[in-house]
Amino acid sequence: MTDSKISANKVQVYYGDNQAIKDVDIEIQPRSVTAFIGPSGCGKSTFLRTINRMNDTIDICRVEGSIKIDGEDIYDPKVDPVQLRAKVGMVFQKPNPFPKSIYDNIAYGPRIHGLAKNKSELDDIVSSSLQKAGLWEEVKNRLDEPGTGMSGGQQQRLCIARAIAVSPEVILMDEPCSALDPIATAKVEELIDELRENYTIVIVTHSMQQAARVSQRTAFFHLGILVEEGPTQDIFTNPKDKRTQDYITGRFG
Ligand SMILES: Nc1ncnc2c1ncn2[C@@H]1O[C@H](COP(=O)(O)OP(=O)(O)OP(=O)(O)O)[C@@H](O)[C@H]1O
């Protein structure tokens, strides 16, 4: 196994008095897809959001323990959460393009982070991000049109392109296909498979079939606890814990 990209150690997350994540330790491998699965409310999204400090935006939420990316503690007071979220991008359940043109959706992050010296560099970032998200051919002649006018699946790939535009190393995806039809889902899954060559991807999914299709490793959460984590094939064919077995065979959740 290579060195981990993300190391979480004894992570606890509280919403007020309610503890949503208990003592989670996990090592996430670079350039691969890790799926988080588990019944509703088990804390998958909460734990995902600790990896780019999105929980900071929820007043009552408190995170304890340590999360390191490339050995650096992302909760260190020196870390700027805005920079962190460029390095650790996020794609949400519902596609959420900005009410701007397709071009400006992609150019927004690079402009804020000063990634382009001039218009031609910005054009290059926009086209290469759309190419990496497999969307270029579909939109190259309509970059001035609103992102919100695209189909749901295209909007989600636009959101992936937007995350890619600021050169992230990690991409977090919180049920990215749950609002998409099967054809759009298949396209996003194909894209995830291509992206793993260059990015570390963590995906929360309710679909065990999706976890089996796209991920190399799977982590099963239950009641805020990480019950087990391992190669996806092992988790689905030979789980060690009875709770995992019960979940994957549809006995609960
Ligand atoms: N913003 C919030 N404020 C208070 N409690 C929250 C908040 N978000 C999540 N929780 C609580 O934390 C626990 C874990 O929720 P979380 O959404 O992380 O689970 P999940 O496994 O992602 O669920 P689902 O699959 O339904 O999205 C639940 O008890 C939930 O009610």
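What you see is a predicted model; the values in this text were computed from it and never measured.

## Re the UniProt feature "domain: ABC transporter" (unreviewed entry) in the chain
Mapped onto this numbering, the UniProt entry gives "domain: ABC transporter" (unreviewed entry) at residues 6–248. As annotated, residues 6–248 has a helix share of 37% and a strand share of 26%, and its two end C-alpha atoms lie 26 Å apart.

## Re helix α3 (residues 102–112)
When we look at burial in α3, the residues that qualify are Ile102, Asn105, Ile106, Ala107, Gly109 and Pro110. Buried residues belonging to α3 abut α2 (81–87), α4 (119–132), α5 (136–139) and α6 (152–164). At the C-terminal side of α3, Gly114 shows a positive phi close to 60 degrees.

## Points about the nonpolar core
Grouped together as the largest cluster of nonpolar side chains are 65 residues, with contacts concentrated most on Phe36, Ala161, Ile171, Leu172, Ile201 and Ile203. Ranked by residues supplied to this core, first place goes to α6 with 6 residues. Look past the residues within four positions of Ala161 in its chain and what remains in contact with it is Ile106, Ser129, Leu130, Lys132, Ala133 and Leu135.

## A short note on the sheet that holds strand β2 (residues 18–28)
Across the sheet, 4 strands lie side by side as β2-β1-β4-β5; this open sheet has antiparallel pairing. Bordering the open sheet on either side are β2 and β5 (72–73), each of which pairs with just one other strand. The pairing of strand β1 (residues 6–15) with strand β4 (residues 61–69) spans 8 bridges and is classified as antiparallel. Bridge pairing links Ala8 to Ile67 in β4.

## Some details on the packing of α3 against α4
Taken N-terminus to C-terminus, the directions of α3 and α4 make an angle of 115 degrees; their axes are 9 Å apart at the nearest point. Put simply, α3 runs roughly perpendicular to α4. As for the relative orientation of α3 and α4, their crossing is right-handed in sense. In this structure, α3 contributes Tyr103, Ile106, Ala107 and Pro110 to the contact, and α4 contributes Leu122, Ile125, Val126, Ser129 and Leu130.

Reading the values: rules and limits
Residues numbered from 1 in each chain as written. Predicted model: local features only at pLDDT ≥ 70, side-chain atom pairs only at ≥ 80, totals over all residues. UniProt positions renumbered as here; feature names shortened; annotations may be inferred. Helix = DSSP H or I, 4+ residues; strand = E, 2+ residues; numbered from the N terminus. Buried ≥ 20, exposed ≤ 12 C-beta atoms within 10 Å, placed from the backbone. Contact = placed C-beta atoms within 7 Å. Core = buried A, V, L, I, M, F, W, Y, C linked by C-beta atoms within 7 Å. Pairing = 2+ DSSP bridges. Axes fitted to C-alpha atoms, helices over the stretch in contact; angles between N-to-C directions. Parallel < 35°, antiparallel > 145°, perpendicular 65-115°, else oblique. Left-handed = near helix turned anticlockwise from the far one by under 90°.

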